[in-house]
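Residue-level structural notes
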Amino acid sequence: QVQLVESGGGLVQAGGSLRLSCTASGHSFRTYAAGWFRQAPGKERAFVGSINWSGDITNYQDSVKGRFTISRNNAKNSVYLQMNNLKPEDTAVYYCAAALTMYSSSQPRDYAYWGQGTQITVSS
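Read on for a plain summary of the structure. (Residues numbered from 1 in each chain as written. Predicted model: local features only at pLDDT ≥ 70, side-chain atom pairs only at ≥ 80, totals over all residues. Heavy atoms only, no water.)

Of all the eight residues making up strand S9 (residues 92-99), seven are buried; the element is thus mostly covered by neighbouring parts of the structure. With three bridges joining them, S9 and strand S11 (residues 118-123) adopt antiparallel strand pairing. Looking at S11, one finds that Val93 is bridged to Gln119. Alignment of S9 against strand S10 (residues 111-114), held across three bridges, turns out to be antiparallel. Each residue of the ladder has a partner; that of Ala97, found in S10, is Trp114. (Buried < 20%, exposed > 50% of the residue type's maximum accessible area, 1.4 Å probe, protein only. Helix = DSSP H or I, 4+ residues; strand = E, 2+ residues; numbered from the N terminus. Pairing = 2+ DSSP bridges.)

This is the structure:
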């Protein structure tokens, strides 16, 4: 069993930056791919980006490419989402997730463990 806890959310002005952290319990997390998803009010949960187990392969949704960066530190059982040049349309609850595979996916169904979510609000 893996438990995920996100932190780092908050309110930021457009053009600003935030860094989300996701810390996991359990050794096995370092062998799992991880992903970040977000859900805006009235919308379905959407893929933001993912990272494979070793941290050398990342994938991003087109709208965040060049602005968001995912990284991980397996020694700390943690995954990070650095968000730069934030836009009002990035406003959402952001979720960290862990997949039961080493290779990342953009599909929520491939992720077995989820954090509780953290709110990001970008004001214009």
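From this point on, the discussion continues.
Counted under the stated rule, the structure contains three salt bridges. Arg38 is the partner of Asp90 in a salt bridge, and the nearest nitrogen-oxygen pair spans 2.9 Å. One end of the pair, Asp90, is in the loop between strand S8 (78-83) and S9; the other, Arg38, is in strand S4 (residues 34-39), with 52 residues separating them in the sequence. By the burial criterion, Asp90 is buried, and Arg38 matches it. Among the salt bridges present, the one from Asp62 reaches Lys65, with a minimum N-O distance of 3.1 Å. Looking at Asp62, the relative accessible area reads 62%, which means it is exposed. Residues joined in a network through salt bridges with shared partners are Arg38, Arg67 and Asp90. (Salt bridge = Lys/Arg side-chain N within 4 Å of Asp/Glu carboxyl O.)

Here the distance between the centres and the angle between the planes together describe a pair of aromatic rings. Applying the stated criterion across every chain yields a total of five aromatic pairs. Ring pairing ties together the aromatic residues Phe37, Phe47, Tyr111 and Trp114, which thus form one cluster. The ring centre of Tyr95 lies 3.8 Å from the NZ or CZ of Arg45, which sits over that ring. Across from the ring centre of Phe29, 5.1 Å away, lies the NZ or CZ of Arg72, which sits over that ring. (Phe/Tyr/Trp six-rings, centres within 6.5 Å; stacked < 30°, edge-to-face > 60°. Lys NZ or Arg CZ within 6 Å of the ring centre and 35° of its normal.)

Turning next to the pairing of strand S7 (residues 68-73). Alternating positions in S7 separate cleanly, Phe68, Ile70 and Arg72 being buried on one face and Thr69, Ser71 and Asn73 remaining unburied on the opposite face. Two elements, S7 and S8, share six bridges in a ladder whose sense is antiparallel. For Arg72, the partnering residue across the bridge sits in S8 and is Val79. Between the antiparallel neighbours S7 and S8 lie four residues, among them Asn77 with a positive phi of about 55°.

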